[in-house]
Amino acid sequence: MIELYSCYEFEVSKDFNGTWIYKIFRENDYLGYEDNIDSDEYYDTEQEARFAAIGHIVKLENGE
């Protein structure tokens, strides 16, 4: 299920190993394609992956 935090959409899902990952969706209007960000870590729970995605979005918004 796609969720919204601030102005970013993201999705938390299980991967093939049974661990949790996230994907942040963002469009690159200038280049005309989607520039999605995949999690670079695996998480034991859905909630950990969700908090990590939100933390990543906060960093994006702060220019980090």
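Residue positions within a chain follow its written sequence, with the count starting from 1. For this predicted model, a pLDDT threshold of at least 70 governs which residues receive local features, and a threshold of 80 or more governs which side-chain atom pairs are given and counted, while totals over whole chains, interfaces and linings are taken from all residues. Values reported for side chains reflect all heavy atoms of the structure, with hydrogen atoms and water molecules removed beforehand.

(A) Up close: the overall build of the protein chain. By definition, any uninterrupted DSSP run of H or I lasting at least four residues is a helix, any uninterrupted run of E lasting at least two residues is a strand, and each is numbered from the N terminus. A count of helices and strands for the protein chain gives 1 helix and 6 strands. Secondary structure of the protein chain in N-to-C order comes out as β-β-β-β-β-β-α. Burial classes: relative accessible area under 20% of the type maximum marks a residue as buried, over 50% as exposed, and values in between as partly exposed (1.4 Å probe, protein chains only). Relative to its full complement of 64 residues, the protein chain shows a buried share of 30%.

(B) Spatial organisation of the pattern of salt bridges. In the sections that follow, a salt bridge refers to a side-chain nitrogen of Lys or Arg positioned within 4 Å of a carboxyl oxygen of Asp or Glu. If you walk through the whole model with that rule in mind, you get 4 salt bridges. Of the charged contacts in the structure, one is a salt bridge between Arg50 and Glu3, with a shortest N-O distance of 2.8 Å. Of this pair, Arg50 sits in helix H1 (residues 46-61) while Glu3 sits in strand S1 (residues 2-5), and the two are 47 residues apart along the sequence. In terms of burial, Arg50 and Glu3 fall into one category: buried. Between Asp38 and Lys23 there is a salt bridge; the shortest N-O distance is 3.2 Å. In this pair, Asp38 sits in strand S6 (residues 37-38) while Lys23 sits in strand S3 (residues 20-25), placing the two residues 15 residues apart along the sequence. Given a relative accessible area of 48%, Asp38 falls into the partly exposed group. When salt bridges with common partners are traced through the structure, they connect Glu3, Glu46 and Arg50 into a single cluster.

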